[in-house]
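# Reading the structure
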Amino acid sequence: RHGAVKNDDTIKTSPFHFDLWFYFTLQNWVLDFGRPIAMIILPLEWFPLNKPSAGDYFHMAYNVITPFLLLKLIERSPKTLPRSMVYVSIIMFVMGASIHLVGDSVNHRLIFSGYQHHLSVRENPIIKNLKPETLIDSFELLYYYDEYLGHSMWYIPFFLILFIYFTGCFTPVEEESRMPVPALLLMGPSSLYYWYLVTEGQIFILYIFTFFAMMALVMHQKRKGLVLDSNGLFLFYSFIITLVLIAVWVVWLWDDKILRKKYPGVIYIPEPWAFYTLHMNNLHAAKESL
């Protein structure tokens, strides 16, 4: 029976899922990228510092909607995919995104107290003067949950699910290997969001390994006479454009000495919000003083 399923999978094709990719891109931009912006723009009186901010409610909605869309994406795959791995990945995704919600909420609220994201925890003026000094350890623990544990449990399952879905995006029909106009229109916003995800999440290693795995799978399937369908092409080309955007971002900030200090090592990819607090925030303050 399992062998028959596998044979059927090789001849099935899937149309471009414009609705799912559109909702996916829209909620990524609004609920993920837009949450810190909403927190900064909306009046502080509406969301006191000791209460959840507007961005926190955005994050809560993201934690519910994204797993739902990922499950719907997996359901539409023309290939039978490992359900157990998908469900475990979804559970880990929700756990990681929820951990990140708490840490990110506190870290972004610290901006109103003068916290600077381009500096390490101990180098921040509002942190290094805390008494007793053990409080600094607590803030470093919070940073660890936000930037390391939360990100790992959030992004590893996220990219794993995308790759699992990608394995089912192959067809023997050459005519199916083309992208419709809606896919081309969505590719720009989708790629730009992945750029933000990789740079702000500091997950370049995870991203590049996923991309290399995609490339290896494409070459392997090509030997079998299989090509990517429209959904696979959309995902694959989005990752390629993302890599180009990351390269442009790194080259642009290559000589920034302050960001270089914050991000030492071979892989130098500054976070957009660190760039904002270092340069754009100072620019806003200079304009307000005029």
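Everything quoted here is computed from the prediction, not taken from an experiment.

## Looking at the packing of helix α6 (residues 134-166) against helix α7 (residues 181-201)
Two quantities define a packed helix pair, namely the angle between the axes and the distance from one axis to the other. Remark: α6 packs on α7, axes separated minimally by 11 Å, with the N-to-C direction vectors making an angle of 145 degrees. Relative to α7, the crossing made by α6 is left-handed. Each of E147, H151, Y155, F158, F159 and L162 in α6 lies in contact with α7, whose residues at this interface are Y194, L197, E200 and G201. Grouping the constituent residues of the contact of α6 with α7 by class yields 6 nonpolar, 2 polar and 2 charged.

## Description of the pattern of salt bridges
In this structure the tally under the stated criterion is 7 salt bridges. Its salt-bridge partner being R76, residue D19 comes within 2.8 Å of it at the nearest N-O pair. Here the residue D19 occupies a position in helix α2 (residues 18-41), and R76 occupies one in the loop between α3 (54-75) and α4 (83-109), the gap between them amounting to 57 residues. The class of D19 is partly exposed, set by a relative accessible area of 29%.

## Examining the packing of α3 against α6
Interaxial distance between α3 and α6 falls to 10 Å at its minimum, and their mutual angle equals 25 degrees. In terms of their interaxial angle, α3 and α6 are classed as roughly parallel. The two elements α3 and α6 cross, and the hand of that crossing is left-handed. Contact residues: H59, Y62, L70, L73 and I74 in α3; W154, F158, I161, L162, I164 and Y165 in α6. The residue makeup of the contact of α3 with α6, split by class, is 10 nonpolar, 1 polar and no charged.

## What to know about the nonpolar core
In this structure, W21, F158, Y194 and F239 are the most contacted members of the largest nonpolar core, which totals 63 residues. Looking at this core, the elements with two or more residues in it are α2, α3, α4, α6, α7, α8 (204-223), α9 (230-252) and α11 (272-289). Grouped together as the second largest cluster of nonpolar side chains are 6 residues, Y115, V121, I136 and Y143 included.

Reading the values: rules and limits
Residues numbered from 1 in each chain as written. Predicted model: local features only at pLDDT ≥ 70, side-chain atom pairs only at ≥ 80, totals over all residues. Heavy atoms only, no water. Axes fitted to C-alpha atoms, helices over the stretch in contact; angles between N-to-C directions. Helix = DSSP H or I, 4+ residues; strand = E, 2+ residues; numbered from the N terminus. Left-handed = near helix turned anticlockwise from the far one by under 90°. Contact = heavy atoms within 4.5 Å. Nonpolar A, V, L, I, M, F, W, Y, C, P; charged D, E, K, R; others polar. Salt bridge = Lys/Arg side-chain N within 4 Å of Asp/Glu carboxyl O. Buried < 20%, exposed > 50% of the residue type's maximum accessible area, 1.4 Å probe, protein only. Parallel < 35°, antiparallel > 145°, perpendicular 65-115°, else oblique. Core = buried A, V, L, I, M, F, W, Y, C linked by side-chain atoms within 4.5 Å.

Worth remembering: the numbers are spatial, not functional.
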